[in-house]
Amino acid sequence: MTIQHIDVAYTAVATAENGRDGRVSTDDGALDVVVNPPKEMGGSGAGTNPEQLFAAGYSACFQGALGVVARQEKADITGSTVTASVSIGRTEAGGFGLEVAISASIPNVDSATAQALVEKAHQVCPYSNATRGNIKVELSAG
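What you see is a predicted model, and the numbers here were worked out from it, not measured in a lab. (Residues numbered from 1 in each chain as written. Predicted model: local features only at pLDDT ≥ 70, side-chain atom pairs only at ≥ 80, totals over all residues. Heavy atoms only, no water.)

Another aspect to go through is the overall build of the protein chain. The secondary structure content of the protein chain amounts to three helices and six strands. Ordered by position in the sequence, the α and β elements of the protein chain form the string β-β-β-α-β-β-α-α-β. Reported as C-alpha extents along the three principal axes, the dimensions of the protein chain are approximately 45 × 35 × 30 Å. Within the protein chain, the proportion of its 142 residues that are buried is 29%. Taking the intrachain contacts of the protein chain between residues at least 6 apart in sequence as the baseline, contacts between residues at least 24 apart amount to 45%. Here the protein chain has roughly 8,800 Å² of accessible surface; of this, 53% comes from carbon and sulfur atoms. Between the averaged position of the 9 positive side-chain charges in the protein chain and that of its 15 negative side-chain charges there is a distance of 2 Å. (Helix = DSSP H or I, 4+ residues; strand = E, 2+ residues; numbered from the N terminus. Buried < 20%, exposed > 50% of the residue type's maximum accessible area, 1.4 Å probe, protein only. Contact = heavy atoms within 4.5 Å. Areas by Shrake-Rupley, 256 points an atom, 1.4 Å probe, with all protein chains shown as cover. Lys, Arg positive; Asp, Glu negative; His and termini not counted. Charge placed at Lys NZ, Arg CZ, Asp CG, Glu CD.)

Right, let's get into the sheet that holds strand 5 (residues 96–105). Here we have three strands laid out as an open sheet, ordered 4-5-6, and mixed in their pairing. Looking at strand neighbours, the two that pair on one side only are strand 4 (81–90) and strand 6 (136–141), the edges of this open sheet. Direction aside, the axes of adjacent strands within the sheet are offset by 15° on average. Note that strand 4 and strand 5 share ten bridges and pair antiparallel. Looking at strand 5, one finds that Ile 88 is bridged to Leu 98. Relative to the sheet, helix 2 (residues 111–124) contacts strand 5 and strand 6, its axis offset from that of strand 6 by approximately 150°. (Pairing = 2+ DSSP bridges. Axes fitted to C-alpha atoms, helices over the stretch in contact; angles between N-to-C directions.)

Once that is clear, we can look at the nonpolar core. Core analysis: the biggest nonpolar cluster contains 23 residues, and Tyr 58, Phe 62, Leu 66, Ile 102, Ile 106 and Leu 117 have the highest contact counts within it. Of all the secondary structure elements, the ones that give two or more residues to this core are helix 1 (50–73), strand 4, strand 5 and helix 2. The biggest single contributor to this core is helix 1, with eight residues. Among all residues touching Ile 106, those that are not within four sequence positions of it are Leu 66, Asp 76, Ile 77, Ser 80, Ala 114, Leu 117, Val 118 and Gly 142. (Core = buried A, V, L, I, M, F, W, Y, C linked by side-chain atoms within 4.5 Å.)

Bringing helix 1 into the picture now. Here helix 1 spans 34 Å end to end across 24 residues, near enough to the 34 Å set by a 1.5 Å rise per residue. Within the span of helix 1, buried status applies to Glu 51, Ala 55, Gly 57, Tyr 58, Ser 59, Cys 61, Phe 62, Ala 65, Leu 66, Gly 67, Val 69 and Ala 70. Those residues of helix 1 that are buried lie in contact with strand 4, strand 5, helix 2, helix 3 (126–131) and strand 6. The first or second residue beyond helix 1 is Lys 74, which carries a positive phi of 55°. (Expected span 1.5 Å × (residues − 1).)

Here we come to the layout of surface pockets. Remark: the empty space left among the atoms is shown by a probe the size of a water molecule rolled over them. Quantified by volume, the largest pocket comes out at close to 430 Å³. Looking at the largest pocket, it is lined by 14 residues, and the ones nearest its centre are Ala 12, Leu 31, Leu 53, Gly 57 and Tyr 127. Elements with a minimum of two residues in the lining of the largest pocket: strand 2 (22–26) and helix 1. It is helix 1 that provides the largest number of residues to the lining of the largest pocket, a total of four residues. Residues belonging to the lining of the largest pocket are distributed by class as follows: ten nonpolar, two polar and two charged. (1 Å grid on protein atoms, 1.4 Å probe; cavity = no way out; pocket = protein on both sides within 12 Å on 5 of 7 lines; lining within 4 Å. Points joined across faces, edges and corners; volume = space filled by probe spheres on them. Nonpolar A, V, L, I, M, F, W, Y, C, P; charged D, E, K, R; others polar.)

Take unusual backbone geometry next. In this model, Asn 18 sits at a positive phi of 65°, which is unusual for a non-glycine residue. Of note, Asn 18 is situated in the loop between strand 1 (14–17) and strand 2. Not every positive phi belongs to a glycine, and Lys 74 is a case in point at roughly 55°. By the element assignment, Lys 74 lies in the loop between helix 1 and strand 4.

Listed below in structure tokens is the structure:
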């Protein structure tokens, strides 16, 4: 789904220096972090990495989408959490690709309702819309 330029409500701007082994900062100074490849990929693991940043953004955004859906469905998601696990690895074509697993814990609803809420949130979440059809995203709820 493409949004029209007039529909844009906010644009985040971040600049990276030295790629995966350097620094990333936002234009407003709210984020300024050292990035390093994880030890599992031969790096020092001293800083954060792009996959952790993506997981943080996706989980926060998905939690917000879950809240939107829960209000529409009049479901109690008090105490809920969303965890995004972002994996990176080689693709068959020889490059690198990502996979995501989204896991939501929604203690105040039954498991069928929790799963339905997660499925609906996946249709609302901007990160889900951006990744749909591009990378594997698994959903689970409990």
